[in-house]
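Chain residues, written in single-letter form:
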Amino acid sequence: MKPLLKFLLAAVALAPLALSDVCATVNDALSFAYEGATPYVKQGFTFREDAWGGDLGLGDKKAVRTQLFKGNSYWFIVGTDIKNAVVTVHVYDPKGQLVDADFWHRGRFCGAFVEPKQTGAYWAIVTVEKSPSERTRWALVYGLR
Amino acid sequence: MHTMKKTILALCAATVGLTSTIAQPADLQDFPAASVDNVIVPVPSEVFIVLDKLGSPNWRGQLRDSVGKNTGNRAQVALLLGTVIADGFIAVQAQDAERVKEIGRDVLNLASAINVRDAVITRSKSIVDKAEKRNWSEVRREFDGALQDVKGAMRELDDEDLAQLVSLGGWIRGTQVLTSLIGQEFRQDKAELLHQPILVSFFSRRLDSMPKKLQKDPLVVQIRKTLPKISPLLGTEDGTKISQDDVKKINQLSSELVMAISQQNR
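What counts and what doesn't
- Residues numbered from 1 in each chain as written.
- Chains lettered and ligands numbered in written order.
- Predicted model: local features only at pLDDT ≥ 70, side-chain atom pairs only at ≥ 80, totals over all residues.
- Heavy atoms only, no water.
- Helix = DSSP H or I, 4+ residues; strand = E, 2+ residues; numbered from the N terminus.
- Contact = heavy atoms within 4.5 Å.
- Areas by Shrake-Rupley, 256 points an atom, 1.4 Å probe, with all protein chains shown as cover.
- Buried < 20%, exposed > 50% of the residue type's maximum accessible area, 1.4 Å probe, protein only.
- Pairing = 2+ DSSP bridges.
- Core = buried A, V, L, I, M, F, W, Y, C linked by side-chain atoms within 4.5 Å.

Enquirer: Would you mind going over the overall build of chain A with me for this structure?
Expert: Of regular secondary structure, chain A possesses two helices and 10 strands. Along chain A, from the amino end to the carboxyl end, the secondary structure elements read α-β-α-β-β-β-β-β-β-β-β-β. Pairs at least 24 residues apart make up 80% of the contacts formed inside chain A by residues separated by at least 6 positions. If you sum the accessible surface of chain A, you get close to 5,600 Å²; carbon and sulfur atoms cover 52% of it.

Enquirer: What is the right way to read the pairing of strand β3 (residues 52–57) of chain A from this model?
Expert: Sheet faces and side chains relate simply in a regular strand, where the side chains alternate between the two faces. All names here are of chain A. Where burial is concerned, most of β3 is hidden: five out of the six residues are buried. Relative to strand β10 (residues 135–144), β3 is paired through six bridges, and the arrangement is antiparallel. Among the inter-strand pairings, Leu-56 is bridged to a residue of β10, identified as Thr-136.

Enquirer: What is the right way to look at the nonpolar core in this model?
Expert: In summary, soluble globular proteins display a tendency toward joint burial of nonpolar side chains. Within the largest apolar cluster, 106 residues are counted, with the highest numbers of intra-cluster contacts made by A:Phe76, B:Phe143 and B:Leu165. Sorting elements by how many residues they give to this core places helix α3 (residues 74–93) of chain B first, with 12 residues. Apart from residues no more than four positions distant in its own chain, B:Leu165 is found in contact with B:Ala75, B:Ala78, B:Leu79, B:Leu207, B:Met210 and B:Leu214.

Enquirer: It is not clear to me how the pairing of strand β6 (residues 86–92) of chain A should be interpreted in this structure. Could you clarify?
Expert: Residue and element names in this part refer to chain A. Along β6, seven of the seven residues are buried, which leaves the element largely enclosed by surrounding structure. Of the pairings in the sheet, the one linking β6 to strand β9 (residues 120–130) comprises seven bridges and is antiparallel in character. Bridge assignment links Val-87 to a residue of β9, and that residue is Val-128.

Enquirer: Looking at this model, I keep getting lost on unusual backbone geometry. Mind explaining?
Expert: A negative phi holds for most residues other than glycine; trans holds for most peptide bonds. Of note, the phi angle at A:Asn84 is positive, near 70 degrees, even though the residue is not glycine. Within the secondary structure, A:Asn84 sits in the loop between β5 (74–80) and β6. Residue A:Asn84 is classed as partly exposed on the basis of its relative accessible area of 38%. If you check the backbone angles, B:Asn115 has positive phi at about 65 degrees while not being a glycine. With respect to the element layout, B:Asn115 can be found in the loop between α4 (97–113) and α5 (117–132). Judged by its relative accessible area of 59%, B:Asn115 is exposed.

This is the structure we're talking about:
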């Protein structure tokens with residue numbers, strides 16, 4: 001296995017947190033996530049009421065496992081309340097291949113678009129790429145149509 | 001200042017662009033399975049929407065005359081509540097406003113039975129109001145919200161286990177309906193929607209970690225015995241074809257569970 005890959009695997013913490021489980025300040029990050037999702041709601045995407053979040057150190061990653069269905073299109077949106085932080089989300093298929101068909105980052109939120117080629121378990125991996133804070137709060141929402 | 005902000009944003013974008021291009025295929029299969037604690041459990045409508053795209057399922061035919069009996073047993077009520085919320089999604093697919101309103105009220109009654117009424121009063125009202133207006137996407141969203149509110153309220157009461165049973169009840173009822181519809185007009189692309197082994201594995205682990213008292217609940221016992229029978233039928237390997245016979249078996253197993261949860265076979 002490549003060293004980079006080993007590092008990635010070692011760095012990924014695997015227990016996602018339901019947002020209700022984490023501190024209230026993540027709600028600010030959630031507001032940004034929903035703000036990032038707004039254009040897609042207008043395009044007919046329905047965003048789940050459930051959300052996931054927490055806080056991560058610089059360079060840390062969090063993997064959220066999710067069941068996706070072939071035939072749906074998904075937007076995964078991550079928000080953070082930390083100014084000048086860069087938090088990204090990418091989606092990997094069950095074989096570990098990157099499957100984002102689109103990705104963007106703007107200010108305090110970013111999004112990854114996925115049209116699964118098969119039904120199964122996927123991984124949304126959230127990474128704090130850059131941040132002025134020791135810990136960076138983040139929140140993830142996803143929508144589909 | 002404005003220029004500086006633009007520069008920072010451009011730098012951020014460049015950083016992200018770089019990240020995007022160097023992202024490596026990650027051999028995620030190598031993650032130790034034991035450390036995979038949580039999975040995002042989809043709401044039934046996520047798969048129902050796909051089924052709608054693949055044909056014209058008879059959603060109305062899947063609606064039940066009665067959602068079942070509340071026995072007062074908290075585990076049974078939590079499971080039943082999950083199945084009833086799933087019924088809400090089915091009624092939305094069927095665009096049956098009257099049934100949606102009834103289910104909205106059923107959700108409130110069951111939530112009351114396990115002391116989380118306050119969490120869903122507003123949702124229940126919204127479900128009824130939006131069903132009146134036949135605003136189906138919003139009704140769907142309200143059912144999702146009701147599910148999250150109920151689970152959130154249970155967690156606040158330190159009833160995480162019951163919250164999981166609500167999700168499980170929804171998954172069981174959703175699977176029953178999905179297999180029933182796929183069985184009526186079998187196609188491999190529809191059957192692929194059942195490829196959900198991680199969810200069964202997730203629920204099994206959750207049930208295994210519940211307190212002994214809850215594990216001895218007759219319904220929980222039955223579900224714990226049934227899930228390992230369903231799991232191999234869902235295609236444990238990626239790309240496994242799920243046969244018509246397997247769909248029938250999953251439907252039979254999930255129907256037995258729904259009957260037991262609804263107390264309609266006792």
